[in-house]
Amino acid sequence: MAENQEYPQRYTITAALPYTNGPIHIGHLAGVYVPADIYARYLRLTGKDVIFVGGSDEHGVAISMKAKAEGVSPKEIIDKYHTIIKKSFEDFGITFDNYSRTSAEVHHKTASDFFRKLYEQDDFIEETTAQLYDEQAQQFLADRFVTGTCPKCGHKEAYGDQCENCGSSLNATDLINPKSTITGTVPTTKETKHWFLPLDRYEGFLRKYILEDHKNDWKPNVYGQCKSWIDGGLEPRAVTRDLDWGIPVPIEGAEGKVLYVWFDAPIGYISSTKEWAEREGKDWEPYWKDEGTKLVHFIGKDNIVFHCIIFPSILKAHGDFILADNVPANEFLNLEGNKLSTSKNWAVWLHEYLEEFPDMQDVLRYTLTANAPETKDNDFTWKDFQARNNNELVAIFGNFINRVAVLTHKYYDGIVPEPSDFTEIDNETLESLRKFPETISSSIDRYRFREAGQELMNLARLGNKYLADEEPWKVVKEDEERVKTIMFVALQIATGLAILSEPFLPYTSEKLKSILNVRSSSSTPPNLGLVENVRSSSSTPLSTSAVETSWEQVKQNEPLLSPNHQINKAELLFRKVEDEEIQKQLDKLEATKKSNLSTSEEKKNIMPQKDTITFDDFTKLDMRVGTIIEAEKMAKTKKLMVLKVDTGLDTRTIVSGIAESFSVEEIVGKKVTVLINLAPRALRGVESEGMILMTENADGKLVFMNPDEDGVDNGEEIN
Ligand SMILES: [Zn+2]
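Throughout what follows, the structure given in this document is the object of discussion. (Residues numbered from 1 in each chain as written. Predicted model: local features only at pLDDT ≥ 70, side-chain atom pairs only at ≥ 80, totals over all residues. Heavy atoms only, no water.)

### Here's the deal with the packing of helix 5 (residues 203-212) against helix 6 (residues 220-231)
Here's step 1: Contact pair helix 5 / helix 6: the axes reach a minimum separation of 11 Å and the direction vectors enclose 160°. Taken together, the axes of helix 5 and helix 6 are roughly antiparallel relative to one another. Considering how the two elements wind past one another, helix 5 and helix 6 form a crossing that is left-handed. Two secondary-structure elements touch here, helix 5 through Glu203, Leu206, Arg207, Ile210 and Leu211 and helix 6 through Tyr223, Cys226, Lys227, Ile230 and Asp231. (Axes fitted to C-alpha atoms, helices over the stretch in contact; angles between N-to-C directions. Helix = DSSP H or I, 4+ residues; strand = E, 2+ residues; numbered from the N terminus. Parallel < 35°, antiparallel > 145°, perpendicular 65-115°, else oblique. Left-handed = near helix turned anticlockwise from the far one by under 90°. Contact = heavy atoms within 4.5 Å.)

Below is the structure:
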């Protein structure tokens, strides 16, 4: 950037492209989308030139695998989840200026052009290597299409691209005892040609770009991970794959190959910007190519290497693009002490949350911000959710606003009163209010969203304390003039809250503005239907007499609400969350835990296969269809029953341990399978001449292996 140029002139904000093989949960929201949205809303509110882009990541092996497993096309998978994910963003007020998808034509073209340019500049290494190949499925096995033992830690189910146990990045050919996940067969190896980005060539560039230039402004967790990647030695990384789902490699001799999903996905931010520019009649290029643009990537910690090492190297190789100014990656959010997991259903799904807590988006946004995993992994608990809601949003924020609105109507018919002399406390309070925009800005500018959210709540605390100390409801009996001043001051704080809460609690801010009959002057209307959502959920329509105010004005000496301004009726901003509602959520998680446990126990209880027997061994067993014709519980035993069984050859006595599972009535006349040539043995003095075949179901109940087809007669052989 030129020293004399004002920086930044504009902002490009990206949020990680969600992968369309499932819906999104609170972990995604907390780690990426809420902070990104707070940042974008804040910049718009302070009058900055900003675009906030995202989209669905729709290529790659996992989608291809899911489609194969479900017997549908990849397109069906991505269409389904793109729709669900996009709706979740709309529902939670995530104000993307554009939300695209990597299956879009503009993206295919943009990514192909990128590849072709790097190819023509000789930025790739072309290499023919032996890759694992599934003869039965007739396809190469990259990434998740192959599992085996991790060569680093010995974990038995490592994937071809990564071991989830030790976190090592792997090549499929590194795996010990590899197995195809498509057919279960042992793969062979076969030669195939691929293109590699020689990351080692970028080491000097990355050292300067990250380790020197961003030593002080990147988060320690991000900086540290980058440093360890760079210090560990960078190696060429394949940017193509043998796969039938993705963007075809756009050069000759690359049939049947697609771009590696991690090559094309980050380019999706650029494609999404192009799509936005096309629609809005704007120029996309300054947002990606002008040095005056501040580019910020919001991601989770699992994406750091792709956004800090690989994507910058691609952009650097291309030559025309700016690099990220910051990548404020978050750590992970856990749920009630356990790692969030899609496959174990250990999550709070966004679409389910809204069914159970309708119109309470802001409560979740607030809780997730207050608990954001900014510097370490953090835990979401329902108790904390309830406490944040009841003790902060309801008891402080909501209580303050409700008092202000109700008292203003009670005393002055909703008209802002004329103040008289300000006391020292009034002046101090107004002075504190004027400092909040700076304080909150300073936290947001440093990507400290937790801190910023708590500062916002401190403003509500200021108002709540002011009213509690000044007690207008008492003073009104002796000094009506004083009450006018108190209410005037309180109304200024309420207006400050309406403006400053917009990035954090957009739905609440909109309701509050509607109560106070104000609007903010510089916030850009969001694009994802939020405006309609908010307006329709608000009972009082915005009146045309609404006064305009702004983030900047909160800092100024002039009142935000002038005397004689009419405000609207009070409306409840938050409601209490009851213990039963929290218990219901905890019960739901408990049930999930139990069902996961029983699934894994069932798996554990499956007996391993016994030693192999020969066919001759098998034919030694003489099993017949029989019928139980008499049954009697054996005296002085709990379990044993003496049965008379018609085997077709004879009627014989068999002692069986089924008395706890069946009554005599239940089994007389039942067709069963009998092993008749088992050597007789005496049980409690009764000789048993065979065995009835049974199994046990998951609940431990005995089940007869009974030939229930019609026309099977006693004595028929089973073989
Ligand atoms: Zn491992």
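### Things to note about the coordination of the zinc ion
Here's step 1: The coordination sphere of the zinc ion, as far as protein atoms go, consists of Cys150 (SG), Cys153 (SG), Cys163 (SG) and Cys166 (SG), spread over 2.3 Å.
Here's step 2: Each of the four donor atoms bound to the zinc ion contributes to angles spanning 106 to 114°, and the resulting shape is tetrahedral.
Here's step 3: The sequence pattern formed by the donor residues of the zinc ion is C-x2-C-x9-C-x2-C. In this pair, Cys153 sits in the loop between strand 6 (146-149) and strand 7 (158-159) while Cys166 sits in the loop between strand 7 and strand 8 (176-180), placing the two residues 13 residues apart along the sequence.
Here's step 4: The exposure class assigned to Cys166 is partly exposed, which follows from its relative accessible area of 35%. (Donors = N, O, S within 2.8 Å, 3.2 Å for Na, K, Ca; no water. Tetrahedral: all angles 85-135°; square planar, octahedral: opposite > 155°, others 65-115°. Buried < 20%, exposed > 50% of the residue type's maximum accessible area, 1.4 Å probe, protein only.)

### Thoughts on the pattern of salt bridges
Pairs may arise between side chains of opposite charge once their charged atoms sit close together.
Here's step 1: Counted according to the given criterion, the structure contains 44 salt bridges.
Here's step 2: The partner of Arg207 in a salt bridge is Asp231, and the shortest N-O contact between them spans 3.0 Å. Of this pair, Arg207 sits in helix 5 while Asp231 sits in helix 6; the two residues are 24 residues apart in sequence, bridging distant segments of the chain.
Here's step 3: A relative accessible area of 29% means that Arg207 is categorised as partly exposed.
Here's step 4: A salt bridge links Lys555 to Glu552; the shortest N-O distance between them is 3.3 Å. Within this pair, Lys555 and its partner Glu552 are both found in helix 20 (residues 551-555), separated by three residues, close to a single helical turn.
Here's step 5: Overall, Glu552 belongs to the partly exposed group, its relative accessible area being 44%.
Here's step 6: Salt bridges sharing partners connect three or more residues here, namely Glu58, Lys75, Asp79 and Arg101. (Salt bridge = Lys/Arg side-chain N within 4 Å of Asp/Glu carboxyl O.)

### Details of the nonpolar core
Here's step 1: With 166 residues, the main nonpolar core has Phe263 and Tyr353 as its most contacted residues.
Here's step 2: In terms of nonpolar packing, the next biggest core, distinct from the first, is built from 16 residues, Ala631, Ile658, Phe662 and Phe704 among them. (Core = buried A, V, L, I, M, F, W, Y, C linked by side-chain atoms within 4.5 Å.)

### A look at the pairing of strand 4 (residues 125-134)
Here's step 1: The sheet contact formed by strand 4 and strand 9 (residues 188-197) spans nine bridges and is antiparallel. Note that in strand 9 the partner of Glu126 across the bridge is Trp195.
Here's step 2: Pairing of strand 4 with strand 5 (residues 139-140), which is carried by two bridges, proceeds in the antiparallel orientation. For Asp134, the partnering residue across the bridge sits in strand 5 and is Gln139. (Pairing = 2+ DSSP bridges.)

### Focus on helix 15 (residues 449-470)
An α-helical turn contains 3.6 residues, so a residue and the one three or four places further along point in the same direction.
Here's step 1: End to end, helix 15 covers 32 Å across 22 residues, agreeing with the expected 32 Å (1.5 Å per residue, within 8%).
Here's step 2: Listed in full, the buried residues belonging to helix 15 are Phe449, Ala452, Gly453, Leu456, Met457, Leu459, Ala460, Gly463, Asn464, Tyr466, Leu467 and Glu470.
Here's step 3: Glu471, located one to two residues past helix 15, shows a positive phi value of around 45°. (Expected span 1.5 Å × (residues − 1).)

### Concerning the environment of Val106
Here's step 1: Relative to the elements of secondary structure, Val106 occurs in helix 4 (residues 105-120).
Here's step 2: Looking at Val106, the relative accessible area reads 26%, which means it is partly exposed.
Here's step 3: For Val106 and Ile270, which are 164 residues apart along the polypeptide, the C-alpha to C-alpha distance reads 9.7 Å.
Here's step 4: Not counting residues within four places of it along the chain, the set of residues in contact with Val106 comprises Ser271, Lys274 and Glu275.

### Considerations on the sheet that holds strand 8
Here's step 1: Spatially, 7-6-8 is the arrangement adopted by the three strands of the open sheet, whose pairing is antiparallel. The outermost strands of the open sheet, each flanked by one partner alone, are strand 7 and strand 8.
Here's step 2: Of the strand pairs in this sheet, strand 6 and strand 7 are connected by two bridges, and their pairing is antiparallel. Residue pairing for strand 7: Thr147 is matched across the bridge by Tyr159.

### Observations concerning the sheet that holds strand 15 (residues 338-339)
Here's step 1: Taken in spatial order, the three strands make up an open sheet running 15-14-16, and their pairing is mixed. Two strands close off the open sheet at either side, each with one partner strand: strand 15 and strand 16 (378-380).
Here's step 2: Bridge count for strand 14 (residues 333-335) against strand 16 is three bridges, and the pairing is parallel. Bridging across to strand 16, Asn334 finds its partner in Asp379.

### Some words on the pairing of strand 19 (residues 623-633)
Here's step 1: For strand 19 and strand 22 (residues 671-675), the ladder comprises five bridges, and the chain directions are antiparallel. Paired with Gly626 across the two strands is Val672, which belongs to strand 22.
Here's step 2: Inspection of the sheet shows strand 19 paired to strand 28 (residues 717-718) by two bridges, in the antiparallel sense. Within strand 28, the position partnered with Arg624 by the bridge is Glu717.
Here's step 3: With six bridges connecting them, strand 19 and strand 20 (residues 641-646) associate as antiparallel partners. Bridging from a neighbouring strand, Lys633 pairs with Met641 of strand 20.

### Let's talk about the packing of aromatic side chains
Here's step 1: Applying the stated criterion to the full structure yields 38 aromatic pairs.
Here's step 2: Arranged with centres 6.0 Å apart and planes meeting at 40°, the rings of Phe92 and Tyr353 form a pair that is tilted. In this pair, Phe92 is assigned in the loop between helix 3 (74-91) and strand 3 (98-101) and Tyr353 in helix 11 (residues 350-356), connecting sequence segments 261 residues apart. Considered together, Phe92 and Tyr353 belong to a single accessibility category, that of buried residues.
Here's step 3: Seen from the ring of Tyr159, Arg144 lies directly overhead, with NZ or CZ sitting 4.0 Å from the centre.
Here's step 4: Positioned above the aromatic ring of Phe321, the side-chain terminus of Lys289 is 5.3 Å from the ring centre. (Phe/Tyr/Trp six-rings, centres within 6.5 Å; stacked < 30°, edge-to-face > 60°. Lys NZ or Arg CZ within 6 Å of the ring centre and 35° of its normal.)

### Considerations on helix 10 (residues 304-318)
Here's step 1: Its 15 residues give helix 10 an end-to-end C-alpha distance of 20 Å, which sits within 8% of 21 Å, the value for a rise of 1.5 Å per residue.
Here's step 2: The sharpest bend along helix 10 measures roughly 30° and falls at Phe311, with the proline Pro312 sitting one to four residues further on.
Here's step 3: With 14 of 15 residues buried, helix 10 lies mostly within the body of the structure.
Here's step 4: Following helix 10 by one or two positions, Gly319 has its phi on the positive side, about 100°. (Bend = angle between axes of the 7 residues up to and from the residue.)

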